[in-house]
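Structural overview
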Amino acid sequence: MKIKIFRSLWGCEGMDFEYLVPKLKKEGYDGIEGSLSDVGKDPQHFLNLLKENNMDYICTVYTKWDDYQSYNEKDLDEQIEQYKVQLSRARALSPLRVNVHSGNDYWSFEEMSEFFSQALKIEKESGLTVSHETHRGRALFNPWTTLRLLHKFDDLKITADLSHWVVVSERMFQTPREMELLKFCSTRANHIHARVGHPETPQVSDPSAPEHSEYVDAFYSWWKMIWESQKERKFSETTMCVEYGPVPYLQSLPYTRAPVANLDNICSLQEKSLRRAFHEWNKI
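This structure is a prediction, so every number in the text was calculated from the model and none was measured.

1. Notes on the overall build of the chain
A tally of helices and strands in the chain yields nine helices and eight strands. What you see for the chain is a C-alpha radius of gyration of 18 Å, in line with the 19 Å of a compact globule of 284 residues. Referenced to the eigenvectors of the C-alpha coordinate spread, the extents of the chain come out at roughly 50 × 45 × 45 Å. Every one of the 284 residues in the chain was classed for burial, and the buried ones make up 57%. Here the analysis covers contacts within the chain between residues at least 6 apart in sequence; of these, 78% occur between residues at least 24 apart. Element-wise, carbon and sulfur atoms account for 50% of the exposed surface of the chain, whose accessible area totals about 13,200 Å². Computed over 35 positive and 42 negative side-chain charges, the inter-centroid distance for the chain is 5 Å.

2. Focus on the environment of W227
Take W227: it is sitting in helix α8 (residues 213-232). Along the sequence, W227 and T239 sit twelve residues apart, while their C-alpha atoms lie 9.8 Å from each other.

3. Concerning the side chain of H164
Relative to the assigned elements, H164 resides in helix α6 (residues 162-169). On the basis of relative accessible area, H164 is assigned to the buried category, the value being 1%. At a separation of 3.3 Å, a polar atom in the side chain of H164 contacts the side chain of R195. Ignoring any residue separated from it by four or fewer positions in sequence, one finds H164 in contact with E133, T134, H135, R136, R195 and Y249.

4. What to know about the packing of aromatic side chains
For the structure shown, the criterion picks out twelve aromatic pairs. With 5.5 Å between their ring centres and 85° between their planes, F46 and Y57 make a pair best called edge-to-face. Of this pair, F46 sits in helix α2 (residues 43-52) while Y57 sits in strand β3 (residues 56-62), and the two are eleven residues apart along the sequence. The pair F46 / Y57 is uniform in exposure class, with both members buried. A ring pair is formed by W107 and F115, whose centres lie 5.6 Å apart and whose planes are at 50°; its orientation type is tilted. Accessibility classification places W107 together with F115 in one group, the buried group. Over the ring of F109 we find R148; its NZ or CZ atom is 3.7 Å from the centre of that ring. Here the guanidinium or amino end of K231 rests over the ring plane of W281, the centre of that ring lying 5.3 Å away.

Definitions and cut-offs
- Residues numbered from 1 in each chain as written.
- Predicted model: local features only at pLDDT ≥ 70, side-chain atom pairs only at ≥ 80, totals over all residues.
- Heavy atoms only, no water.
- Helix = DSSP H or I, 4+ residues; strand = E, 2+ residues; numbered from the N terminus.
- Rg over C-alpha atoms; globule rule 2.2 N^0.38 Å.
- Buried < 20%, exposed > 50% of the residue type's maximum accessible area, 1.4 Å probe, protein only.
- Contact = heavy atoms within 4.5 Å.
- Areas by Shrake-Rupley, 256 points an atom, 1.4 Å probe, with all protein chains shown as cover.
- Lys, Arg positive; Asp, Glu negative; His and termini not counted.
- Charge placed at Lys NZ, Arg CZ, Asp CG, Glu CD.
- Polar contact = N/O pair within 3.5 Å; in protein donor to acceptor, adjacent residues only side chain to side chain.
- Phe/Tyr/Trp six-rings, centres within 6.5 Å; stacked < 30°, edge-to-face > 60°.
- Lys NZ or Arg CZ within 6 Å of the ring centre and 35° of its normal.

This is the structure in structure tokens:
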């Protein structure tokens, strides 16, 4: 099994793609992940640059939000319709895979079930490789509801962003019951968002700082659990997106709002650390 590491376009706003794409290639990334709006009004130009640099694209779509920072209230039927539209637009871009921000956190289990019953049919018809992100504010915002949905829908696959779950649960997973839950969820994880958080924040200030080592070690143990499952499922490659965000996700100083660390450096160090850890694990 090989590894492909992607950089999220989150935090790269305002950068010209002709500068950004070769820059990220030079830094070692295998591809870029971003939403339909992230790739701009001329997505073909973006895709051409990726091709020139031998990089892949992962597309993110939204069923409720128009994009990450433009929340709009939508009922279940409206979200299904938006999913159809965005998935159709994504298909035109021929992405390696699609990551979905799906549904509402406040829906009943019955509403969530109805949503995924329809959504899974739509994505099957699309022919795209799709996984739904474990993200706050969405249907898969907590591990316990996600577990119930995974048991109900055999075809439901997830993008594992475990930083959200440690915040929602306000704890690092360590009990036998919690580890069994993570082990089962790992069998449905087809994509990983590689960001380290802890019970009070979805993003540590700098994963290379020694004060965060216990959280870094925990996340790597969970990611390795997913790698093990993917290897057992005969995956030819695992995909991981380095998704550390800018201020206010990245902690800042009071008054000036100056970031406490350099976002590019954090992402670059994470990419290199992931690759080392994967190759060491893959030798075993």
